[in-house]
Amino acid sequence: MTRPPHDSPDLVVVRHTPLNAESPPAALERDVTPAAHVYVRSNFAVPALPGDDHRITIGGAVREPFSIGVAELRAMPRATATVTMECAGNDRVSMRPLPPGELWRSGAVSTARWSGVPLRELLGRAGVAPDAVEILVEGADRGLVDDEPGTISFARSLPVREALDPRVLLALEMNDAPLAPEHGAPVRLVVPGWYGMASVKWVARIEAITTPFAGRFQSRRYVYDDDAGGVRPVTRMRVKSAIVAPADGAIVPAGRVVVRGWAWSGEGAIARVEVDAGAGWHDARLGAPPSEDSWTPWEAEVELAARGRYALLSRAHDAAGNVQPDVPPWNRLGYGNNAVRPVVVEVV
Ligand SMILES: Nc1nc2c(c(=O)[nH]1)N[C@H]1C(S)=C(S)[C@@H](COP(=O)(O)O)O[C@H]1N2
Ligand SMILES: [Mo]
């Protein structure tokens, strides 16, 4: 029997061109998301790059600027890390009033095993000048945007101290296979703990800079803009949890139901997860996270005795004392929605 293509989609498409697509709910039950099911978020089309012949330039406020080919990067000592990455726009669809931007539901989050060269190796070789304040990383992708003349590239900066964190990688592989084009082949940045926008794909240029970067994707997008003119940069992932089983909309028999999910935060380890099925909050059991930079599994049993519909809720706390809010924290562009989100099941 042949199946229609929409019967087994790899990803849930939000926009076709450029491709923006969510991980399907079933893929998020796994601790490491299969590569074909990792969400894709791109502002511009995938640039055509020459694979191992692609070169990165490292310059600006450094002692010794240089360029390095991807083939040379592959020959350098590697580090590997399992990292949970969430798009800052994940769950934008449940913010009110509806913000502009891609209308992500809850699938713009994935966990992958990245392997590559720590960024600090290249910065060490270049010798960052003492007056450098940030490291700028530019992708090879370019395109037009509504309100600016000519094409612009996707570029982001990190404070020097963050860029020197040995966990920040120039990744060459995802889940033990070469990076796919849509995920930044041949080389991308991976910044653990930060929302996805910091993890620049298709890296072409790295520059040490002496004044803070104010490019579009640093100061006009990926900012918490509060209507009153206050603007704060989007940085680390807010504490959040997701229920992966039962699935939203599932029909379950009456009785005990095991609720399972993940919790993550870029601001500290997960300290506690609570679950509510309508009778009040109680603690879930935490499992061991696959790594320090990945989500923490949790599980709880709830008693769904009577027929009818139930809203299952989960609420995570991190070691820094942050807890998920009940209501999405408002900002004009709809970033960082870490509010508690109901999963509805029907007991028959
Ligand atoms: N060069 C480049 N890098 C980029 C982007 C982009 O548009 N261009 N999008 C960013 C955003 S907003 C996110 S959430 C992540 C998504 O990475 P993924 O598509 O591999 O999941 O890539 C980031 N890196
Ligand atoms: Mo993103």
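Refer to the structure presented above.
Residues numbered from 1 in each chain as written. Chains lettered and ligands numbered in written order. Predicted model: local features only at pLDDT ≥ 70, side-chain atom pairs only at ≥ 80, totals over all residues. Heavy atoms only, no water.

A. A look at the site of ligand 1. Close to ligand 1 lie 18 residues, the nearest being Tyr39, Asp141, His183, Arg188 and Lys201. One of the backbone nitrogen or oxygen atoms of Arg41 is found 2.9 Å away from an oxygen atom of ligand 1. Measuring from a nitrogen atom of ligand 1, one finds a side-chain N or O atom of Asp141 at 2.7 Å. Listed by contribution, the elements that provide at least two residues to the shell around ligand 1 are strand E3 (40-41) and strand E8 (134-143). (Near = heavy atom within 4 Å. Polar contact = N/O pair within 3.5 Å; in protein donor to acceptor, adjacent residues only side chain to side chain. Helix = DSSP H or I, 4+ residues; strand = E, 2+ residues; numbered from the N terminus.)

B. Focus on the pattern of salt bridges. In this structure the tally under the stated criterion is 27 salt bridges. For Glu29, the salt bridge identified is with Arg260, shortest N-O distance 4.0 Å. In this pair, Glu29 sits in the loop between strand E2 (20-22) and E3 while Arg260 sits in strand E18 (residues 255-264), placing the two residues 231 residues apart along the sequence. Arg260 gets classed as partly exposed once you look at its relative accessible area, which sits at 30%. Across the salt bridge formed by Arg167 and Glu292, the nearest N and O atoms sit 3.2 Å from each other. Of the two residues, Arg167 is situated in the loop between helix H3 (160-163) and strand E10 (169-174) and Glu292 in the loop between strand E21 (285-286) and strand E22 (296-304); the sequence distance between them amounts to 125 residues. Judged by relative accessible area, which is 30%, Arg167 ranks as partly exposed. According to the relative accessible area criterion, Glu292 is exposed, its value standing at 69%. Counted as one network, the salt bridges with shared partners bring together Glu86, Asp91, Lys240 and Arg341. (Salt bridge = Lys/Arg side-chain N within 4 Å of Asp/Glu carboxyl O. Buried < 20%, exposed > 50% of the residue type's maximum accessible area, 1.4 Å probe, protein only.)

C. Broad picture of the side chain of Ser153. The residue Ser153 is located in strand E9 (residues 152-159) in this model. Since its relative accessible area comes to 14%, Ser153 is described here as buried. One polar contact links Ser153 to Glu138, side chain to side chain, over a distance of 2.6 Å. Every residue in contact with Ser153, bar those within four places of it in the chain, is listed here: Phe44, Glu138, Gly139, Asp141, Arg142 and Phe217. (Contact = heavy atoms within 4.5 Å.)

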